Amino acid sequence: EPEVTQTPSHQVTQMGQEVILRCVPISNHLYFYWYRQILGQKVEFLVSFYNNEISEKSEIFDDQFSVERPDGSNFTLKIRSTKLEDSAMYFCASGPQRTEAFFGQGTRLTVV
Amino acid sequence: QKEVEQDPGPLSVPEGAIVSLNCTYSNSAFQYFMWYRQYSRKGPELLMYTYSSGNKEDGRFTAQVDKSSKYISLFIRDSQPSDSATYLCAMRSNNAGNMLTFGGGTRLMVKP
């Protein structure tokens, strides 16, 4: 069964560094998303991406964050100048249409 | 008032029991309702998706939506120890935008 794959599974970075989280969405899906889940808290929406551009973003998704779909298969989330409070599980998701979202297993980001 | 609320549990039931999981919400614009299962430190797995009001059944799972009460439910029949996980409800409106709003999740434990 096709699935969303994310790498790395765990990333440790020093405060102030830049990180890139990578995702391979399910083939033929058109909608792509990033969500995050701080330990013990709700899953929170960050950004959605459709037709090679951001279609919606939350207040969390400020200038520190950016997304790219550099080729036909990858979808990346870049976090610049990481802060301690950026530590969370970051989930990539994709969907064939707007209605459903299938999630990857997540990247656990630890900022030290 | 929080936008989507779930009792965090834990809900502990014996194997074979019928489980009822619920969410309430405040935004009357929500039209699409999803249930996800999340195992510890894993990504949310889509179980059920319904549009507007009514019931939907898939195997041992039944999803119900009552928009007049702003209340959704997931029933699990013949519960198994492997059903032990956190169950997240998620919803979105029909307006422009793909953002899912999640509840905080209910932790379910099914004891053999």
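Check the entry above for the structure.
1. What to know about the state of the cysteines
Within this structure, the stated rule accounts for two disulfides over all chains. Each sulfur in the disulfide pair Cys-23 of chain A and Cys-92 of chain A lies 1.9 Å from the other. The disulfide joining Cys-23 of chain A to Cys-92 of chain A has a torsion of about -65° about its S-S bond and is therefore left-handed. Linking Cys-23 of chain A in strand β3 (residues 19-24) with Cys-92 of chain A in strand β9 (residues 88-95), this pair joins segments that are 69 residues apart in sequence. Taken individually, Cys-23 of chain A and Cys-92 of chain A each receive the classification buried, so the pair is uniform in this respect. Here Cys-23 of chain B is linked by a disulfide to Cys-89 of chain B, with a sulfur-sulfur distance of 1.9 Å. Linking Cys-23 of chain B and Cys-89 of chain B, the disulfide has an S-S dihedral of approximately -100° and is accordingly described as left-handed. Of this pair, Cys-23 of chain B sits in strand β3 (residues 19-25) while Cys-89 of chain B sits in strand β9 (residues 85-93), placing them 66 residues apart in sequence.

2. Points about the pairing of strand β8 (residues 71-76) of chain B
All names here are of chain B. Examined bridge by bridge, β3 and β8 share six bridges and lie antiparallel to one another. Residue Leu-21 lies in a different strand from β8, and its bridge partner there is Leu-74. Both strand β7 (residues 61-66) and β8 contribute to a ladder of six bridges, which runs antiparallel. Opposite Gln-64, over in β8, you have Ser-73 as the bridge partner. In sequence, β7 turns back onto β8 through a hairpin of four residues, with Lys-70 there showing a positive phi of about 55°.

3. What to know about the interface of chain A and chain B
In this complex, chain A contributes 21 residues to the contact, which on the side of chain B involves 23 residues. Buried area between chain A and chain B, both sides added, is near 1,900 Å², and the carbon and sulfur share of it is 52%. One can count zero salt bridges joining chain A with chain B. Those elements giving two or more residues to the side of chain A that touches chain B turn out to be β4 (31-37), β5 (43-50), β6 (53-57), β9 and β10 (102-103) of chain A. Sorting elements by how many residues they give to the side of chain A that touches chain B places β4 of chain A first, with four residues. Here the residues of the side of chain A that touches chain B are counted per class, giving ten nonpolar, six polar and five charged.

4. Digging into the sheet that holds strand β1 (residues 4-5) of chain B
Across the sheet, five strands lie side by side as β1-β3-β8-β7-β6 (chain B); this open sheet has antiparallel pairing. Both outer strands of the open sheet, β1 and β6 (54-58) of chain B, are each paired with one neighbouring strand and no more.

Reading guide: rules and limits
Residues numbered from 1 in each chain as written. Chains lettered and ligands numbered in written order. Predicted model: local features only at pLDDT ≥ 70, side-chain atom pairs only at ≥ 80, totals over all residues. Heavy atoms only, no water. Disulfide = S-S within 2.5 Å. Helix = DSSP H or I, 4+ residues; strand = E, 2+ residues; numbered from the N terminus. Buried < 20%, exposed > 50% of the residue type's maximum accessible area, 1.4 Å probe, protein only. Pairing = 2+ DSSP bridges. Contact = heavy atoms within 4.5 Å. Buried area = accessible area lost by both parts, 1.4 Å probe. Salt bridge = Lys/Arg side-chain N within 4 Å of Asp/Glu carboxyl O. Nonpolar A, V, L, I, M, F, W, Y, C, P; charged D, E, K, R; others polar.

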